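Each chain, written out:
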Amino acid sequence: MTPVPAPQDTAALSISAHLQNDTFLRACFRQATPHTPVWLMRQAGRYLPEYCATRAKAGSFMGLATNADFATEVTLQPLARYPLDAAILFSDILTVPDAMGLGLSFAQGEGPRFAHPVRDEAAVAKLQVPDMAKLRYVFDAVRSIRKALATTDSQGRSVGKVPLIGFSGSPWTLACYMVEGAGSDDYRLVKTMLYQRPDLMHQMLAINADAVAQYLNAQIEAGVQAVMLFDSWGGVLADGAFQQFSLAYTRRVLAQLHRAHDGVRIPRLVFTKGGGLWLEQMAALDCEVLGLDWTVNLGQARARVGGEGAVGKALQGNIDPNVLFASAPQIEAEVAKVLESFGLPHTGSGFGPTHIFNLGHGISQYTPPAHVAVLVEAVHRYSGVMRQR
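A few points on the structure.

About the thresholds
- Residues numbered from 1 in each chain as written.
- Predicted model: local features only at pLDDT ≥ 70, side-chain atom pairs only at ≥ 80, totals over all residues.
- Heavy atoms only, no water.
- 1 Å grid on protein atoms, 1.4 Å probe; cavity = no way out; pocket = protein on both sides within 12 Å on 5 of 7 lines; lining within 4 Å.
- Points joined across faces, edges and corners; volume = space filled by probe spheres on them.
- Helix = DSSP H or I, 4+ residues; strand = E, 2+ residues; numbered from the N terminus.
- Nonpolar A, V, L, I, M, F, W, Y, C, P; charged D, E, K, R; others polar.
- Phe/Tyr/Trp six-rings, centres within 6.5 Å; stacked < 30°, edge-to-face > 60°.
- Pairing = 2+ DSSP bridges.
- Contact = heavy atoms within 4.5 Å.
- Axes fitted to C-alpha atoms, helices over the stretch in contact; angles between N-to-C directions.
- Parallel < 35°, antiparallel > 145°, perpendicular 65-115°, else oblique.
- Left-handed = near helix turned anticlockwise from the far one by under 90°.
- Buried < 20%, exposed > 50% of the residue type's maximum accessible area, 1.4 Å probe, protein only.
- Core = buried A, V, L, I, M, F, W, Y, C linked by side-chain atoms within 4.5 Å.

Turning next to the layout of surface pockets. Approximately 1000 Å³ is the volume found for the largest pocket. When residues of the lining of the largest pocket are traced back to their parent elements, those giving at least two are helix 2 (49–58) and helix 8 (171–180). The biggest single contributor to the lining of the largest pocket is helix 8, with three residues. Residue composition of the lining of the largest pocket, grouped by class: 21 nonpolar, 13 polar and six charged.

Below, the structure written as structure tokens:
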């Protein structure tokens, strides 16, 4: 297992060794880039016809996710279409509770569902950090994707085309699915446990946090070059409850994560949908990047937590995914608004405010693929022009 360097040791480490395009990683570490890097949450997915064809071959979502060859194929599909600045591992945020024995499944056209939800003291007592060998298919996929991303530079050296992002659901988001047994409109069951039996909720969240940390560290050891925590349902919590049941356990995960692997620093990204209210508190997390949903004003977020010099967080986001249903000129105009809202990122040497362009949440399955091409091109072009002013 790779040791975690002390905070003062990471400054001397490389941030982007052996990469053809390292703009995403440089932006994560608040260094200047020639354009604003862009990738999309859920960029490998049902909006792409080639993805649908591969899923049909696999027979099911889990058949796709648990086969390294298929997972590699769909991870690379959006990169073949668009000049994206990062790849993200094709998997699901719920692999950890599945490895705990809860029985994850995906019916065609439906979201995830657990056969054995966790709703009482006996069920919580059975929970434990799973053997990471049960998630070997994920780590095999990471190694396969890294191999597929390899290319040769002008000097004949082997380099990666773009960095590979690994991820997991946050402890709270996992708990939501584990208790509800599926997605929810009102979170009635999980919030009932939270308020009625907070001891059980804390017990579950502690196990989830330790499991997620081990899982992400194993992804890092397999080859991912950044890791992201998706706190997709943190925003459904009341103020006070968010800090106690979501933020505290996100902090517990981050405290255990490798900061580097093989001499290269590993940035850590946290995305809380609906978390704009708590940005200042999230800025205290031991991570490099905060993701924002589309309800947050980027310029205001930069002023609140973006910081100058070496102090502050890189920001990621945050165009409304539904902008992608508009016409090409409208998409370009909305891209410009997002970039202008953040303002000119840090340029020159040293460190300063940086921006990674993304959606405010995952891309819709109904998105026209050609519209994604418009967005990516507009981000690269307009952000480059901004830097020349």
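Glancing now at unusual backbone geometry. With omega at -5°, the peptide bond leading from Gly317 into Asn318 counts as cis. Residue placement: Asn318 occurs in strand 12 (residues 314–319). A positive phi angle is found at Arg30, which is not glycine, with a value near 60°. Within the fold, Arg30 resides in the loop between helix 1 (23–28) and helix 2.

Any two aromatic rings considered together are summarised by their centre-to-centre distance and by the angle between their planes. All told, the structure shown has eight aromatic pairs when counted by the stated rule. Look at Phe230 and Phe271: their rings are 6.4 Å apart centre to centre, the planes differ by 75°, and that puts the pair in the edge-to-face class. Taken as a pair, Phe230 in strand 7 (residues 226–231) and Phe271 in strand 10 (residues 268–272) lie far apart in primary sequence, 41 residues in all. Aromatic pair Phe242 and Trp278: ring centres 4.0 Å apart, planes at 5°, arrangement stacked.

Turning our attention to the sheet that holds strand 1 (residues 87–88). Backbone-to-backbone hydrogen bonds join strands into a sheet, with any given pair of strands oriented parallel or antiparallel. With parallel pairing, seven strands are arranged side by side in an open sheet as 1-6-7-10-11-12-13. Strands with a single pairing partner mark the edges of an open sheet, and in this sheet they are strand 1 and strand 13 (355–359). Here strand 6 (residues 164–169) runs beside strand 7; their pairing, made up of five bridges, is parallel. The residue bridging Ser168 from the neighbouring strand is Leu229, located in strand 7. Together, strand 7 and strand 10 form the strand contacts of helix 11 (residues 241–256), whose direction differs from that of strand 7 by roughly 165°.

Running from amino to carboxyl end, helix 5 (residues 95–102) crosses helix 10 (residues 198–222) at an angle of 115°, the nearest separation of the two axes being 10 Å. Between helix 5 and helix 10, the angle falls in the class roughly perpendicular. Here helix 5 runs over helix 10; the crossing is right-handed. Counting all contacts with helix 5, which are made through Thr95, Val96 and Met100, the residues of helix 10 involved are Ile207, Asn208, Ala211 and Tyr215. When grouped by side-chain class, the residues that make up the contact of helix 5 with helix 10 number five nonpolar, two polar and no charged.

Our next topic: the pairing of strand 7. Burial of strand 7 is extensive: six of the six residues sit out of reach of the surface. Side-chain alternation along strand 7 places Ala226, Met228 and Phe230 on one buried face and Val227, Leu229 and Asp231 on a second face that is also buried. Pairing of strand 7 with strand 10, which is carried by five bridges, proceeds in the parallel orientation. Pairing of Leu229 across the sheet is with Val270, part of strand 10.

To continue, consider the nonpolar core. Formed by 132 residues in total, the largest nonpolar core has its most connected members in Phe24 and Leu375. Here the element with the most residues in this core is helix 10; it accounts for 15 residues. Sequence-distant contacts of Leu375, that is, excluding residues within four places in its chain, are made with Val38, Leu40, Ile319, Leu324, Ile331, Val335 and Phe357.

Considering the arrangement of structural elements, one finds Ile356 in strand 13. According to the relative accessible area criterion, Ile356 is buried, its value standing at 0%. Counting along the chain gives 333 residues from Ile356 to Thr23, while the straight-line C-alpha distance between them is 9.1 Å.

Here helix 13 (residues 298–306) crosses helix 14 (residues 328–342) at 25°, and the two axes come no closer than 6 Å. It follows from the interaxial angle that helix 13 and helix 14 lie roughly parallel. Taken as a pair, helix 13 and helix 14 cross one another with a handedness that is right-handed. In this structure, helix 13 uses Leu298, Gly299 and Arg302 to contact helix 14, whose residues at the interface are Val338, Ser341 and Phe342.

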